[in-house]
Amino acid sequence: KQEVTQIPAALSVPEGENLVLNCSFTDSAIYNLQWFRQDPGKGLTSLLLIQSSQREQTSGRLNASLDKSSGRSTLYIAASQPGDSATYLCAVSRDDNNDMRFGAGTRLTVKP
Amino acid sequence: NAGVTQTPKFRVLKTGQSMTLLCAQDMNHEYMYWYRQDPGMGLRLIHYSVGEGTTAKGEVPDGYNVSRLKKQNFLLGLESAAPSQTSVYFCASSYSLLARQETQYFGPGTRLLVL
């Protein structure tokens, strides 16, 4: 059974700092990995999707990497801003079913 | 274009009561999903549908039923609510198979409290 873990559960940083969020998964037979953002009381918004054959994806100040063999992904946020404060979730999916497994998320607070 | 909407936003039930959560999407998506989110556990898939008239079980289907009579709507039913079903429920939809390069679009969630 696929288990997805995100560490740390919560992170507080000052504005302008670069930071890394971590995601690990136990079964390397994944099809893709996604990073989502969730604001309080809201649904999820997809940030980046990495196919299993890819090593990284970039969008603006966000960069996500994937090391499938070691079961790890990182989300790098450059020059953090207070508007980046949210919970960030990673999720992995397999090719042979529709089951996307989520981590519990990292709650990020960026202080002005 | 409202995207994915959910009704109601919040509901309190007594143990044993029944209710239906409604999800609607206006993006002509084939695939729709129901998740629940509990503290410290991330989202877990309850049921999903790959098209009108079809449904399938996800990771945690027990105690729930679903129906997809119209392409744009996906209903989640609780026949006899239990306190363990207290959670936040999210609906999502996507154009194509979950595991392909197509993200899911999420609704704002329904917060359910079962006393």
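Everything here concerns the structure above.
For the structure given in this document, a descriptive report is provided here.

This model, assessed by the stated rule, comprises 7 aromatic pairs over all chains. Considering the side-chain rings of F36 of chain A and F102 of chain A, the 5.6 Å spacing of their centres and the 40 degrees angle between planes classify their relative orientation as tilted. Here the residue F36 of chain A occupies a position in strand β4 (residues 32–38), and F102 of chain A occupies one in strand β10 (residues 100–102), the gap between them amounting to 66 residues. Residue F36 of chain A shares its accessibility class with F102 of chain A, and that shared class is buried. Ring plane angle 65 degrees and centroid distance 5.8 Å describe the contact between Y64 of chain B and Y89 of chain B, whose orientation is recorded as edge-to-face.

This next bit is on unusual backbone geometry. At the junction of I7 of chain A and P8 of chain A, the peptide bond is cis and its omega measures out at 0 degrees in the coordinates. Locating P8 of chain A in the fold gives a position in the loop between β1 (4–7) and β2 (10–14). Of note, the amide linkage connecting T7 of chain B to P8 of chain B takes the cis form, showing an omega dihedral of -5 degrees. Its identity is not glycine, yet A79 of chain A carries a phi of approximately 45 degrees, on the positive side. The residue N28 of chain B is not glycine, and still its phi comes out positive at about 60 degrees.

In this assembly, 22 residues from chain B lie in contact with 25 residues from chain A. When chain B packs against chain A, close to 1800 Å² is buried across both sides, 53% of that on carbon and sulfur atoms. Here chain B and chain A share 2 salt bridges between them. In this assembly, chain B and chain A are joined by 1 residue pair in polar contact (both at pLDDT 80 or more). Counting residues per element, the ones that place at least two in the side of chain B that touches chain A are β4 (31–38) and β5 (42–51) of chain B. Here the side of chain B that touches chain A takes 5 residues from β5 of chain B, the largest share from any one element. Considered class by class, the residues forming the side of chain B that touches chain A number 12 nonpolar, 7 polar and 3 charged.

This brings us to the pattern of salt bridges. Overall, the coordinates contain 7 salt bridges over all chains when judged by the stated rule. Taking the shortest distance from any N to any O, the salt bridge between R36 of chain B and D38 of chain B comes out at 3.0 Å. Taking relative accessible area as the criterion, D38 of chain B reaches 9% and is therefore assigned buried. Three or more residues joined by partner-sharing salt bridges are found here, namely K1 and R101 of chain A together with E59 of chain B.

All names here are of chain A. If you trace the backbone, E56 turns up in strand β6 (residues 56–59). Spatially, the C-alpha atoms of E56 and T74 are 9.3 Å apart, while their sequence positions differ by 18 residues. Dropping the residues within four chain positions of it, E56 is found in contact with I50, N63, A64 and S65. A distance of 3.1 Å separates polar atoms of two side chains, one belonging to E56 and the other to N63.

Before going further, it helps to spend a moment on the state of the cysteines. Residues and elements named next belong to chain B. Using the criterion set out here, one finds 2 disulfides over all chains in the structure. Here C23 is linked by a disulfide to C91, with a sulfur-sulfur distance of 1.9 Å. Across the S-S bond of C23 and C91 the torsion is about -75 degrees, and the bridge reads as left-handed. Placement of C23 in strand β3 (residues 19–25) and of C91 in strand β9 (residues 87–94) is noted, with a sequence separation of 68 residues between them. Its relative accessible area of 0% is what places C23 among the buried residues.

How each quantity is defined
Residues numbered from 1 in each chain as written. Chains lettered and ligands numbered in written order. Predicted model: local features only at pLDDT ≥ 70, side-chain atom pairs only at ≥ 80, totals over all residues. Heavy atoms only, no water. Phe/Tyr/Trp six-rings, centres within 6.5 Å; stacked < 30°, edge-to-face > 60°. Helix = DSSP H or I, 4+ residues; strand = E, 2+ residues; numbered from the N terminus. Buried < 20%, exposed > 50% of the residue type's maximum accessible area, 1.4 Å probe, protein only. Contact = heavy atoms within 4.5 Å. Buried area = accessible area lost by both parts, 1.4 Å probe. Salt bridge = Lys/Arg side-chain N within 4 Å of Asp/Glu carboxyl O. Polar contact = N/O pair within 3.5 Å; in protein donor to acceptor, adjacent residues only side chain to side chain. Nonpolar A, V, L, I, M, F, W, Y, C, P; charged D, E, K, R; others polar. Disulfide = S-S within 2.5 Å.

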